[in-house]
Amino acid sequence: MRLFKQKLALIAPIAVIVILVVFSINLVVQGDPKPENLPVALVVNDNGEQATVLKKALLAQEKSVDGKEPMFDFTIVNDEKSLDPSFNDQEYYAALIIPKGFSEAVTSITKTNTPAAVTIKVNQGMNSTGANYANQGLSAVVDAVSNQVSQQVLSSLEESKRNITATQVKALATPITKNIESVNAVTKATANGNAPILMAMPAWVGALIGGMLLLLATQKIKFTKRTDRLSVMAEQIVLGIVMALLSGFTVATLATWSGMNLPSYSIVLLFIAFAYFCFFMLVSATVAWIGKPAIMIFMVMMLVGMGTITMPPEMLPSFLANYVRTWMPMRFAADGLREIFYFGTGFYTGSPSNVLMGIGGGALIVYLLSALKPIKSAKEIKNNSDEQLQNQ
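Right, let's walk through the structure included here. (Residues numbered from 1 in each chain as written. Predicted model: local features only at pLDDT ≥ 70, side-chain atom pairs only at ≥ 80, totals over all residues. Heavy atoms only, no water.)

**As for the pattern of salt bridges**
Pairs may arise between side chains of opposite charge once their charged atoms sit close together. The tally for this structure, following the rule as stated, stands at four salt bridges. The salt bridge involving K121 is made with E80; its shortest N-O contact spans 3.9 Å. Here E80 lies in the loop between β2 (72–76) and α3 (83–88) and K121 lies in strand β4 (residues 116–123), a separation of 41 residues in the sequence. Taking the relative accessible area as the measure of exposure, K121 reaches 13% and is therefore buried. Accessibility expressed as a relative area gives 33% for E80, which makes it partly exposed. (Salt bridge = Lys/Arg side-chain N within 4 Å of Asp/Glu carboxyl O. Helix = DSSP H or I, 4+ residues; strand = E, 2+ residues; numbered from the N terminus. Buried < 20%, exposed > 50% of the residue type's maximum accessible area, 1.4 Å probe, protein only.)

Dropping the structure here:
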């Protein structure tokens, strides 16, 4: 019964359950995701009857049904020109624009034989999954209204026993068409918009491994005074910078070799290196204060983050969206790379860069403060070693 007296043996079942729960979170995220309250803009430049019908049909999609959250959260935008800045600020996944003269075009379709048209602008760079769902949902509503108009006009013509031409039949089959435009488009050879996430995760994993290896290395060093500890910490920071640059070079180079379409090799390399160093400092600072258990914490964060940052927040359970995804460090690296890939920014990506700087700078301060921890005397070190030998 010696095994049951060991703490690790008793902890093992609990650890297994925790790990299974963490992995199951990704099953919840990826199992059957459904978009809820996708932010979408609606621009109505026509006050006619048909435009009003389409508008009502669209706004009906932001009403809950059977207690379930609606698919869309519409914002009425008066000025179409304001859409571009809003798209760049990632406020909307898409926008539907009803042009001036829309109602007249619908009602006169039997005379002009030309369908009316609406425009759907899809903000792909914001998140390709969320943008595609928004596009599909808006298209479905437009198609439903178009079919409704088609049935009404055909019924009216049938009642009046009016003959129609083949050209008119073709126009009446789809009286409302869609012009779909991509904004901040996801470029080819970028893993269908997932390139930022695929390149951010190696930075996190590399920082975790680098921090763990340096932890093992520094544990073998016996400090007798704080200046010795500070000297080793300075060396560790330098090594972190070197590993960060190597990480950026490796990821950017492998991406290029694989055929991925990088907007700028040097900018991507430097941003990954920057994210790596910030993560490395976060790992180092935490390890410096609480030791090896910190590695398990960061492993759990990585497992949870892999599922939560790939999906738009509107497709996650509310708890994960509001209390988990919001503070995942690797999310900000992915968001920064998304700005570089699809929004045309340079190395500085605004909010993602600011958050990463905050993480790295704060972690650096906390890490340096760990130098104030008491230094064990040679006698204490010897006694601890003797106790460990006795326990073995």
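**Some points on the environment of T165**
Topologically, T165 is positioned in the loop between α6 (128–159) and α7 (166–173). For T165, a relative accessible area of 43% corresponds to the partly exposed category. The spacing of T165 and N113 is 52 residues in sequence and 9.6 Å in space, taken between C-alpha atoms.

**Some words on empty space enclosed by the protein**
In this structure the tally under the stated criterion is one cavity of 30 Å³ or more. Lining the largest cavity are Q124, G125, N127, S128, T129, V186, G193, N194, I197, T310, R338 and Y342. Those elements that place two or more of their residues in the lining of the largest cavity are α6 and α13 (329–342). Grouping the amino acids of the lining of the largest cavity by side-chain chemistry returns three nonpolar, eight polar and one charged. (1 Å grid on protein atoms, 1.4 Å probe; cavity = no way out; pocket = protein on both sides within 12 Å on 5 of 7 lines; lining within 4 Å. Points joined across faces, edges and corners; volume = space filled by probe spheres on them. Nonpolar A, V, L, I, M, F, W, Y, C, P; charged D, E, K, R; others polar.)

**What about the side chain of T349?**
On the secondary structure map, T349 appears in the loop between α13 and α14 (351–369). Ignoring anything within four residues of it in the chain, the contact list for T349 reads F271, G336, E339 and I340. (Contact = heavy atoms within 4.5 Å.)

**Focus: helix α2 (residues 49–59)**
Those residues of α2 that fall on the buried side of the exposure criterion are Q50, A51, L54 and L58. Buried residues in α2, looked at end-on, bunch into an arc of 100 degrees, giving them a common side. Pointing more than 90 degrees away from the buried face of α2 are the exposed residues E49 and K56. (Arc of directions from axis to C-beta.)

**A few points about the packing of helix α10 (residues 265–290) against α14**
Relative orientation of the contacting elements α10 and α14 amounts to 35 degrees, with a least axis distance of 8 Å. Crossing hand, α10 versus α14: left-handed. When α10 is examined against α14, the residues F271, F274, A275, C278, F279, M281, L282, S284, A285, A288 and W289 are found in contact with a partner set consisting of S353, L356, M357, I359, G360, A363, L364, V366, Y367 and L369. For the contact of α10 with α14, a count of residues per class yields 18 nonpolar, three polar and no charged. (Axes fitted to C-alpha atoms, helices over the stretch in contact; angles between N-to-C directions. Left-handed = near helix turned anticlockwise from the far one by under 90°.)

**With respect to the packing of helix α8 (residues 195–219) against helix α11 (residues 293–308)**
Relative placement of two packed helices is described by the angle separating their axes and the distance separating the axes. Relative to each other, α8 and α11 sit at 170 degrees, their axes nearing to 11 Å. One element, α8, and the other, α11, form an angle in the roughly antiparallel class. Across from M201, W204, V205, L208 and M212 in α8, the residues of α11 making contact are I295, F298, M299, M301, M302 and M306. Looking at the contact of α8 with α11, its residues break down into 11 nonpolar, no polar and no charged. (Parallel < 35°, antiparallel > 145°, perpendicular 65-115°, else oblique.)

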